[in-house]
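The primary structure of each chain is shown beneath.
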Amino acid sequence: MPGPTAPKIVLCEDERQELLTLIRAPKTPQHFSFRAQIILRLADGRHTSEVANHFGTTRLTVRRWRQHWLGRPYASVIERLQDAPRPGTP
């Protein structure tokens, strides 16, 4: 029995282009590139498990980045790919 359907990620053309630019840029940190690739695959309609298998990561990681992306709709693309602020004293 399938579980609940995951929320869809819909990208405007500008967001998609910015994600592709980040992936292709040689100076982009790998963690940003990895996260951008996850978001692009999810936006293409891929399932969480399919994306996780493709990148050799866990479904939990893919789910967390989907929620992180959807939870900040008005932030810029690069801000949406950054880690959430951590609590406590730096």
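Below is a short write-up of the structure. (Residues numbered from 1 in each chain as written. Predicted model: local features only at pLDDT ≥ 70, side-chain atom pairs only at ≥ 80, totals over all residues. Heavy atoms only, no water.)

Overview of the pattern of salt bridges
Inference 1: Enumeration over the complete set of coordinates arrives at four salt bridges.
Inference 2: Of the charged contacts, one joins Arg16 and Asp44 as a salt bridge, the two residues approaching to 3.2 Å between their closest N and O atoms. Taken as a pair, Arg16 in helix H1 (residues 13–24) and Asp44 in the loop between helix H2 (30–43) and helix H3 (48–55) lie far apart in primary sequence, 28 residues in all. (Salt bridge = Lys/Arg side-chain N within 4 Å of Asp/Glu carboxyl O. Helix = DSSP H or I, 4+ residues; strand = E, 2+ residues; numbered from the N terminus.)

Description of the packing of H1 against H2
Packed helices, taken two at a time, are described by the angle between their axes plus the distance between the axes.
Inference 1: Contact geometry for H1 and H2: axes closest at 9 Å, N-to-C directions at 140°. Viewed along their axes, H1 and H2 adopt a mutual orientation that is oblique. For the pair H1 and H2, the sense of crossing is left-handed. Counting all contacts with H1, which are made through Arg16, Leu19, Leu20 and Ile23, the residues of H2 involved are Ser33, Ala36, Gln37, Ile39, Leu40 and Ala43.
Inference 2: The class makeup of the residues in the contact of H1 with H2 is seven nonpolar, two polar and one charged. (Axes fitted to C-alpha atoms, helices over the stretch in contact; angles between N-to-C directions. Parallel < 35°, antiparallel > 145°, perpendicular 65-115°, else oblique. Left-handed = near helix turned anticlockwise from the far one by under 90°. Contact = heavy atoms within 4.5 Å. Nonpolar A, V, L, I, M, F, W, Y, C, P; charged D, E, K, R; others polar.)

Notes on the packing of aromatic side chains
Both the distance between ring centres and the angle between the ring planes are used here to describe each pair of aromatic rings.
Inference 1: In this structure the tally under the stated criterion is one aromatic pair.
Inference 2: Arranged with centres 5.7 Å apart and planes meeting at 80°, the rings of Phe34 and Phe55 form a pair that is edge-to-face. A residue pair is termed long-range when its members are at least 10 positions apart, and Phe34 in helix H2 and Phe55 in helix H3 qualify at 21 residues.
Inference 3: Against the face of Trp69 rests Arg80, its NZ or CZ located 4.0 Å from the ring centre. (Phe/Tyr/Trp six-rings, centres within 6.5 Å; stacked < 30°, edge-to-face > 60°. Lys NZ or Arg CZ within 6 Å of the ring centre and 35° of its normal.)

Overview of the packing of H2 against H3
Inference 1: Close contact between H2 and H3 brings their axes to 10 Å; oriented N to C, the two are set at 145°. Here H2 runs over H3; the crossing is right-handed. Contact residues: H2 offers Phe34, Gln37, Ile38, Arg41 and Leu42, while H3 offers Val51, His54 and Phe55.
Inference 2: Of the residues that constitute the contact of H2 with H3, the class distribution is five nonpolar, two polar and one charged.

Side note on the nonpolar core
Inference 1: Among the nonpolar cores identified, the biggest contains 18 residues, and Ile9, Leu11, Leu19, Ile39, Trp69 and Leu81 are the most heavily contacted of them.
Inference 2: Elements represented by at least two residues in this core include exactly H1, H2, H3, helix H4 (59–70) and helix H5 (77–81).
Inference 3: Of the residues forming this core, the biggest block, seven residues, is contributed by H2.
Inference 4: Contact partners of Leu11, with chain neighbours within four places excluded, come to Arg16, Leu19, Ile39, Leu40, Ala43 and Trp69. (Core = buried A, V, L, I, M, F, W, Y, C linked by side-chain atoms within 4.5 Å. Buried < 20%, exposed > 50% of the residue type's maximum accessible area, 1.4 Å probe, protein only.)

Some words on the side chain of Arg80
Inference 1: Position of Arg80 relative to the elements: it lies in helix H5.
Inference 2: A distance of 3.0 Å separates a polar atom in the side chain of Arg80 from a polar atom in the side chain of Glu15.
Inference 3: Leave out the neighbours within four places in its chain, and Arg80 touches Glu15, Trp65, His68, Trp69, Arg72, Pro73 and Ala75. (Polar contact = N/O pair within 3.5 Å; in protein donor to acceptor, adjacent residues only side chain to side chain.)

Function cannot be inferred from these measures alone, as they are strictly geometric.
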